[in-house]
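Observations on chain architecture
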Amino acid sequence: MANRNRNKVAPKEQNAWNVPVQSKSEPVGGKSRKPSTGNSSKVATVAATEPSVSGSKIPLPSSMLKKSQEKFNQVQRQHAETAKKYAAEYVSSEEEEDEKEANGEEAPSNDAATRNILGDVLKNYNGVDADVGKTQEYLQNLLESRNAVCLICIETVKRADRIWSCTACYTFFHLMCIQRWANDSMSMKRINHEQQEGYYNNRGEYIPKPALNVHWDCPKCRREYQPEEIPRHYECFCGKEREPNAHPWLIPHSCGEPCEKKLNPACGHTCRLLCHPGPCPPCPQTVNVSCRCGSSPVKTIRCAQKAWTCTRKCKRKLACGIHECGAQCHDADQCPPCQNRSKQACFCGAQTKEVNCHESRWQCDTVCNKPFPCGLHHCERVCHAGPCGPCPLGLPRSCPCGKSETRAASCSERIVTCGDTCEKLLACGQHLCPERCHQGSCGNCLELVPKVCRCGSTKKPIVCHREAVCEGRCKRMRTCGKHQCNRKCCDGQCQPCDRVCGKTLPCGKHKCSSLCHQGPCYPCNQKSSIKCRCGGTVVEVACGRERKANAPKCKLPCRVASKCHHPNTHACHIGDCPPCALPCGEANDTTNCEHPCRAKCHDAVRVVTRDKNFKPVGPWDVPKETVEVKMLPHPPCTVKVPVMCLGGHETADWPCSSSKPSSCGRPCGRLLKCGVHRCPLPCHKVTHRASTTQDSRCEPCSTGCTLTRPEGCVHTCTARCHKPPCDPCLVSIKTQCYCGLTQVFYKCHEFYPTGMEEKGTEELAELNRRRESFLSCGQKCIKNFPCGHRCTSTCHPGRCPNPEQCSKKVKVSCKCGQRKVEVSCKVARSTPTLDCDQQCEVIRAQKQEEQERKEREAREQEELQNQRELEEYERKFNKRKHRERKRHQVQEEEKGRHWAVYVAPVVAVLIGVGLYFLFVQ
């Protein structure tokens, strides 16, 4: 895919000469077409690779051609969809750079994107720029694809690759590569451990094989990792997200979230950068701390620099107890030794020299040689402090072997040997000295004892103080697993192999310089230099990557000869020079104006053409394309010059090539002779452009009066087009009055006079009163007040005025209805009822008695009716003899009760009348 992008022709520039340029199609079969440039004619012909069928000229039926074309289109669509899907899933930073370089794009855009990404990552860091410099340099190297190389496979680490980074040196490796590296390293160590065996030493002790210690190392920094630390998942740098997606505006292999790792040294804060590779910068937080000695006041400082020193001198006493420290601010327990110098004598006083104060008591190399109290012997100890003590020869002494002890008469008397066997334990720890008592130390043990050699293969008698060594060579393999130990009489502890490995490293140039080892060799740590095209920029890459790595981005100017009349202004690059982007600057001979050509340089423009007369045999047949590098003529001048329209309405900037007066499309707008209307024609040619009155070419006015009528007037002016104002409107308007019973007439100009907008508040109020008088019939209003009485005002608009002042007479009574009085309506609303008097109370008592009497008579009538019904029932259904006597009694009772019914009301009325007159009097 990368090769295909490199072989593609650069995209065609938009040109201003309308040259027919046809799009270039992809050749069938996936083969690219390489252009060949001729120096003399600047013409390059690109011939598409044609299949063998294209050479056949046998005509095919139209139906077959149609089916072939449809099938070809279908397959082409499928290939396009597959390519889009693959391109969406796989993004390579190296291929992107190759494509940009092939298209002639400049590098500053990538640099700007790099700066934007770095700015986003470092935006939350508020520390010193020098502290974040190392992290920023690491990030900048990461964003350039050539620096991200896996040291195991010597391949580029791309944006879409799954990686793992070392926690010590922060080097990237492909996840599969580091997993294979770790597994292979541990497998070799396990195999080597299985091949080892225990053995017996020359003392007969069994020495087991060493314990298995399996670990794997970082290929670069050799940091040891345990087996459980083998990476199993692809994680971002901060470890928060698994399988992070590749984002074009984030650092590759990061999640874009805050890092939040614990800072080192541990201060309790976390990293505030976005997820990033490499080490975290020093802590930028601010803390309030005092200086190291604690004598200065607390100040705010960066957490990474919280151990600060002031300018004061330490006043503590040193260990000598005489001098003060005098050093600059430091911790309390870190005062340096006293550096004051003075002449001091040694312990014995024999010598004097200038020493540091903390070294005032020193020892020389001279023997004391002071006489003991005996006066005969001298002290043989080296320079010491204090008295020499008594003479050691005056103490109880023994012979040299220590078997006989005696006390000499004086220290001058010499103790002789006892003549017995010495029998001191020799240095071997097993045998005794066989010599006679003697002065000095005993010699080596000369006893012959059978000894086993170190390898345990030979046993022979040998002098005790010597070690038994045979001449046999060790045949065991060393830790490398390739070379034998070959040491004489080896005790089983074979030394590591001291030979150089010498294997050729993956770079193919250097050999492994480590000691002979098992497993794969560590990657080559050498660097190779690659240069740009001009040789002015050199960068170092991992050894073995110089063939695959891209050339460095050089910022020096290009040294290739320019194809146009401009010097090259672009930077050094690989491949053909990009098209010149500078303006032409030469005199424009196409327009023949005084302006220089401002179009893009067109001295060397690539033009792709196709044969128009080409007739394909089938859909696989592709026409030949011809790429020509031509010098195109100057395009029409596009310099903006001011041009006034035909009617003089506006001055617009037009290209110089088309700078001719034309109509701007606006209405002419010149005031006609009527003084009201303006010329409605679109912008046209006139005699004097600065004139604002009617021209001979303007259309004369042919309309009636179109002046705005007063607000409310809907009648048009009947006069011809004239200047304002119009005559008063004399149309009579008929409408109903406010009460709706009578029709009123008024003139339009009286109701809607002119100039209402300019009138004041008083004039408008007067106009409103006059309008009300026009619409009022002058008769009494037919509307009713809320109380129900008719309005007393004349015909008026809106609600009736003063409804609360209604003076109509209404009757007001008490609650019982006996007392009634006529009052006005407004008084009746305030006092709707009257209070009852004594007469009302008497009448109420009479009504109560009358009601009780009626209830009592009703009960008596009901009892009488019930009695009659009972007698009637007994008469019809009972066979007994009627009781004549009881019937007579009932009739007598009925006669007596009948009299009482008529007398009781008369008596009650008389009593009430008497009481009324009594109360009245």
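Residues numbered from 1 in each chain as written. Predicted model: local features only at pLDDT ≥ 70, side-chain atom pairs only at ≥ 80, totals over all residues. Heavy atoms only, no water.

**Thoughts on the overall build of the protein**
The cut-off we apply is this: A run of H or I in DSSP counts as a helix once it spans at least four residues, and a run of E counts as a strand once it spans at least two, with each numbered from the N terminus. With a 1.4 Å probe rolled over the protein chains alone, any residue whose accessible area is under 20% of its type maximum counts as buried; one over 50% counts as exposed, and the rest are partly exposed. Whether two residues are in contact is decided by their heavy atoms: any pair within 4.5 Å suffices. Residue exposure ignores everything except the shown protein chains as possible cover, and the areas themselves are Shrake-Rupley values with a 1.4 Å probe.
If you tally the helices and strands in the protein, you get 11 helices and 27 strands. Burial status across the protein gives 28% buried among its 921 residues. For the protein, the proportion of contacts with a sequence separation of at least 24, taken over those separated by at least 6, is 34%. For the protein, the accessible surface area stands at approximately 61,500 Å², while carbon and sulfur atoms represent 50% of it.

**Structural notes on the UniProt feature "coiled-coil region" (unreviewed entry) in the protein**
The criterion, for reference: UniProt positions are given in the numbering used here, feature names are shortened, and annotations may be inferred rather than shown by experiment.
Under the local residue numbering, the UniProt record ascribes the feature "coiled-coil region" (unreviewed entry) to residues 840-876. Across residues 840-876, helical content stands at 100% and strand content at 0%; the span's end C-alpha atoms are separated by 54 Å.

**Overview of the pattern of salt bridges**
Threshold: For this document, the term salt bridge refers to a Lys or Arg side-chain nitrogen within 4 Å of an Asp or Glu carboxyl oxygen.
Enumeration according to the criterion identifies 17 salt bridges in this entry. Across the salt bridge formed by Glu243 and Arg162, the nearest N and O atoms sit 2.7 Å from each other. One end of the pair, Glu243, is in the loop between strand S9 (224-225) and strand S10 (286-289); the other, Arg162, is in the loop between strand S3 (155-156) and strand S4 (163-165), and 81 residues separate them in sequence. Between Arg844 and Glu841 there is a salt bridge; the shortest N-O distance is 2.6 Å. Pair noted here: Arg844 and Glu841 are both in helix H10 (residues 838-877), with a separation of three residues, about one helical turn.

**Looking at the side chain of Asn568**
Spelled out, the test is: A 3.5 Å cut-off defines polar contacts: any pair of N or O atoms within that distance qualifies, except that in protein one atom must be a possible hydrogen donor and the other a possible acceptor, and neighbouring residues in sequence count only when both atoms are side-chain atoms.
As for its position among the elements, Asn568 is in the loop between strand S19 (538-542) and strand S20 (605-610). In this structure the side chain of Asn568 is engaged in a polar contact, spanning 2.3 Å, whose partner is the backbone oxygen of Val560. Excluding anything up to four places from it in sequence, Asn568 contacts Cys558, Val560, Ala561 and Ser562.

**Digging into the pairing of strand S26 (residues 809-813)**
Applicable threshold: Note on pairing: two strands pair once DSSP finds at least 2 bridges between them.
Relative to strand S27 (residues 820-824), S26 is paired through five bridges, and the arrangement is antiparallel. Note on S27: the bridge partner recorded for Lys811 is Glu822.

**A few points about unusual backbone geometry**
Negative phi characterises most residues that are not glycine, and trans characterises most peptide bonds. Here the phi dihedral of Tyr170 falls at roughly 60°; this positive angle occurs in a residue that is not glycine. Among the secondary structure elements, Tyr170 is positioned in the loop between S4 and strand S5 (172-174). With a relative accessible area of 25%, Tyr170 lands in the partly exposed category. You will see that Asn802, though not glycine, has its phi angle at about 50°, which is positive. Within the secondary structure, Asn802 sits in the loop between helix H8 (761-775) and S26.

**Details of the environment of Ser663**
For Ser663, the position within the fold is in the loop between strand S23 (651-655) and strand S24 (732-736). Measuring from C-alpha to C-alpha, the distance between Ser663 and Cys645 comes to 5.5 Å, with 18 residues separating the pair along the chain. Contacts of Ser663, omitting those with residues within four sequence positions, involve Leu646 and Cys683. From its side chain, Ser663 meets the backbone nitrogen of Gly665 in a polar contact 3.3 Å long.

**Considerations on the environment of Ala542**
For Ala542, the location among the structural elements is in strand S19. For the pair Ala542 and Cys150, spaced 392 residues apart in the sequence, the C-alpha separation amounts to 9.1 Å. Those residues within four positions of Ala542 in sequence are excluded, and the remaining contacts are Val149, Leu151, Gln526 and Lys527.

**Examining the pairing of strand S16 (residues 448-452)**
Note: S16 against strand S17 (residues 459-463), five bridges, orientation antiparallel. Following the sheet pairing, Leu448 is matched in S17 by Val463. Two successive antiparallel strands, S16 and S17, enclose a turn made up of six residues, where Gly456 displays a positive phi of approximately 80°.

**Description of the nonpolar core**
Nonpolar side chains tend toward joint burial in soluble globular proteins. We apply this condition: The definition of a nonpolar core used throughout is a set of buried Ala, Val, Leu, Ile, Met, Phe, Trp, Tyr and Cys residues joined through side-chain atoms within 4.5 Å.
Of all hydrophobic cores here, the largest spans 36 residues; its most connected members are Ile152, Trp164, Phe173, Ile178 and Trp216. Those elements giving two or more residues to this core turn out to be strand S2 (149-150), S4, S5 and helix H6 (175-195). Ignoring sequence-local partners within four residues, the contact set of Ile178 consists of Ile152, Trp164, Phe173, Trp216, Pro219 and Pro231. Counting 11 residues, the second largest nonpolar core, distinct from the first, contains Cys713, Cys737, Cys748 and Leu775.

**Side note on H8**
Side chains that are three or four residues apart share a direction in an α-helix, a result of its 3.6 residues per turn. The cut-off we apply is this: Under the convention used throughout, the expected extent of a helix is 1.5 Å for every residue step, that is, one less than its residue count. What the arc describes is the spread of directions from the helix axis to the C-beta atoms.
Compared with an ideal rise of 1.5 Å per residue, which puts 15 residues at 21 Å, H8 spans 21 Å between its outermost C-alpha atoms and is within 8% of the ideal. By the burial criterion, the buried members of H8 are Leu767, Arg771 and Leu775. End-on view of H8: buried residues confined to an arc of 70°, all on one side of the axis. For H8, the elements touching its buried residues are S24, strand S25 (743-747) and helix H7 (748-751).

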